Amino acid sequence: MNFTLQDAQALQTILSARRDVRGNHYIDKTIAPETLDAIFNAANSAPSVGFSQPWEFMIIDDLILRDKIYHEFEKENSKAKAIFHNSSLYPSLKLEGIKEAAYNVAVLYKKPTKAILGQTTQKKMGEYSVVCAIQNLWLMARAYNIGVGWVSILKPKRIQKILNISSDYKLIAYLTMGYVDEFPNEPELQTLNWEAKKQLDDVISKRTNNDD
Ligand SMILES: Cc1cc2nc3c(=O)[nH]c(=O)nc-3n(C[C@H](O)[C@H](O)[C@H](O)COP(=O)(O)O)c2cc1C
């Protein structure tokens, strides 16, 4: 299959318009089952080491469980506030949407029970594959005008305990997902001058062989 320049531009538009969505932007609107399927299909199409496809997705809509997870976030975020005590901005940042989003999704890595082609030297490759699936999910959700937020101010082992996830799995990400009132034009942390956007020159370098 050959794509057109327009296809490439459409992909770039979606990539550029993807945002991390926090609770202040989610709205109360259900996602149609076929749209959810399309989003998880995108995740399930990700590349994976040895084609191991080591991801599983757990949807959490139970409000009691979400309350428990939110409580975990509050505990961890109060520690983070102490770390950033010199910042007047940090305490005002909204850094999750656990209770506001229509869906919460725990993304799991299923630990291998046999040798995986390609993962024999670098053991983390399976977990990296799960991150590829998360990126696919994030982008396809955006293509359907659905926001996703990654909540990482959580202790994975605590979340696994709350969700009764066995040690055969490792929690890679805790995501929120749902329709939004708007997608900010640029990363919020850029708007707030927390970090500046890097340019291509900042991130690309070249090496030449200096051996004689
Ligand atoms: C691995 C990972 C973990 C993240 N964890 C959080 C988080 O805990 N809370 C939060 O508000 N944003 C989190 N983010 C979102 C980033 O802050 C966001 O991607 C970045 O500021 C760029 O903004 P954008 O995604 O809207 O382009 C996370 C993003 C990634 C990739």
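Residues numbered from 1 in each chain as written. Predicted model: local features only at pLDDT ≥ 70, side-chain atom pairs only at ≥ 80, totals over all residues. Heavy atoms only, no water.

**Q** Can you walk me through the pattern of salt bridges in this structure?
**A** Pairing between side chains becomes possible if they bear opposite charge and their charged atoms approach one another. For the structure on display, the rule yields eleven salt bridges. The residue aspartate 20 makes a salt bridge to arginine 22 at a minimum N-O spacing of 3.0 Å. By relative accessible area, arginine 22 is classed as buried at 11%. Taken together, the salt bridges that share partners define one network made up of Asp20, Arg22 and Glu188. (Salt bridge = Lys/Arg side-chain N within 4 Å of Asp/Glu carboxyl O. Buried < 20%, exposed > 50% of the residue type's maximum accessible area, 1.4 Å probe, protein only.)

**Q** Sorry if this is basic, but what is going on with the sheet that holds strand β4 (residues 169-179) here?
**A** To summarise the sheet geometry, strands pair through backbone hydrogen bonds and adopt either a parallel or an antiparallel arrangement. The four strands are arranged β1-β2-β4-β3 in an open sheet whose pairing can be described as antiparallel. A strand with exactly one partner marks an edge of an open sheet, and here the two such strands are β1 (55-60) and β3 (146-150). Averaged over all neighbouring strand pairs, the angle between strand axes comes to 30 degrees, with direction disregarded. Summarising the sheet, β1 and strand β2 (residues 103-110) pair through six bridges and their orientation is antiparallel. Bridge assignment links phenylalanine 57 to a residue of β2, and that residue is valine 107. With respect to the sheet, helix α2 (residues 33-44) is in contact with β1, β2, β3 and β4, its orientation differing from that of β1 by roughly 150 degrees. (Pairing = 2+ DSSP bridges. Helix = DSSP H or I, 4+ residues; strand = E, 2+ residues; numbered from the N terminus. Axes fitted to C-alpha atoms, helices over the stretch in contact; angles between N-to-C directions. Contact = heavy atoms within 4.5 Å.)

**Q** Would you mind showing me how to read the site of the ligand here?
**A** All residues adjacent to the ligand are Arg18, Arg19, Asp20, Arg22, Leu95, Trp150, Val151, Ser152, Ile153, Pro187 and Leu189. Residue arginine 18 places a side-chain N or O atom 2.9 Å away from an oxygen atom belonging to the ligand. When isolated, the ligand has an accessible area of 620 Å², and the protein chains bury 73% of it. Residue composition of the shell around the ligand, grouped by class: six nonpolar, one polar and four charged. (Near = heavy atom within 4 Å. Polar contact = N/O pair within 3.5 Å; in protein donor to acceptor, adjacent residues only side chain to side chain. Areas by Shrake-Rupley, 256 points an atom, 1.4 Å probe, with all protein chains shown as cover. Nonpolar A, V, L, I, M, F, W, Y, C, P; charged D, E, K, R; others polar.)

**Q** What exactly am I supposed to notice about the packing of aromatic side chains here?
**A** The description of an aromatic ring pair uses the distance of the two centres, along with the angle that the planes make with each other. Under the counting rule described, the total for this entry stands at six aromatic pairs. Aromatic side chains phenylalanine 40 and phenylalanine 57 sit 5.4 Å apart centroid to centroid with 55 degrees between the ring planes, which places their arrangement in the tilted category. Here phenylalanine 40, found in helix α2, pairs with phenylalanine 57, found in strand β1; they are 17 residues apart in sequence, far enough to count as distant. Exposure remark for phenylalanine 57: the relative accessible area of 24% places this residue in the partly exposed category. (Phe/Tyr/Trp six-rings, centres within 6.5 Å; stacked < 30°, edge-to-face > 60°.)

**Q** For this particular structure, what's the right way to read the environment of alanine 8?
**A** Among the structural elements, alanine 8 can be located in helix α1 (residues 5-17). Accessibility expressed as a relative area gives 44% for alanine 8, which makes it partly exposed. Alanine 8 sits 61 residues away from isoleucine 69 along the chain, and the two C-alpha atoms are 39 Å apart.

**Q** What's the story with helix α3 (residues 63-83) in this structure? I'm lost.
**A** Given 3.6 residues per helical turn, the α-helix brings residues three or four places apart onto the same face. The end-to-end C-alpha separation of α3 is 30 Å, in line with the 30 Å expected for 21 residues at 1.5 Å each. Within α3, burial applies to Arg66, Ile69, Tyr70, Glu72, Phe73, Glu76, Asn77 and Ala80. Projected down its long axis, α3 carries its buried residues within an arc of 160 degrees, all on one side. The inward-facing, buried residues of α3 abut β1, β2, α5 (156-162) and β4. Of the residues that open α3, the one with a side-chain oxygen 2.9 Å from the backbone nitrogen of isoleucine 64 is aspartate 62. (Expected span 1.5 Å × (residues − 1). Arc of directions from axis to C-beta.)

**Q** Would you explain a nonpolar patch on the surface in this entry?
**A** A surface patch of nonpolar side chains, amounting to about 320 Å² of accessible area, comprises Leu200, Val203 and Ile204. With respect to the secondary-structure elements, valine 203 resides in helix α7 (residues 200-203). Among the residues examined, valine 203 registers a relative accessible area of 51% and is labelled exposed. (Patch = residues over 30% accessible without salt bridge, like charges linked within 9 Å, V, L, I, M, F, W, Y side chains within 5 Å.)

In short, the description is geometric, and any link to function would need to be established separately.
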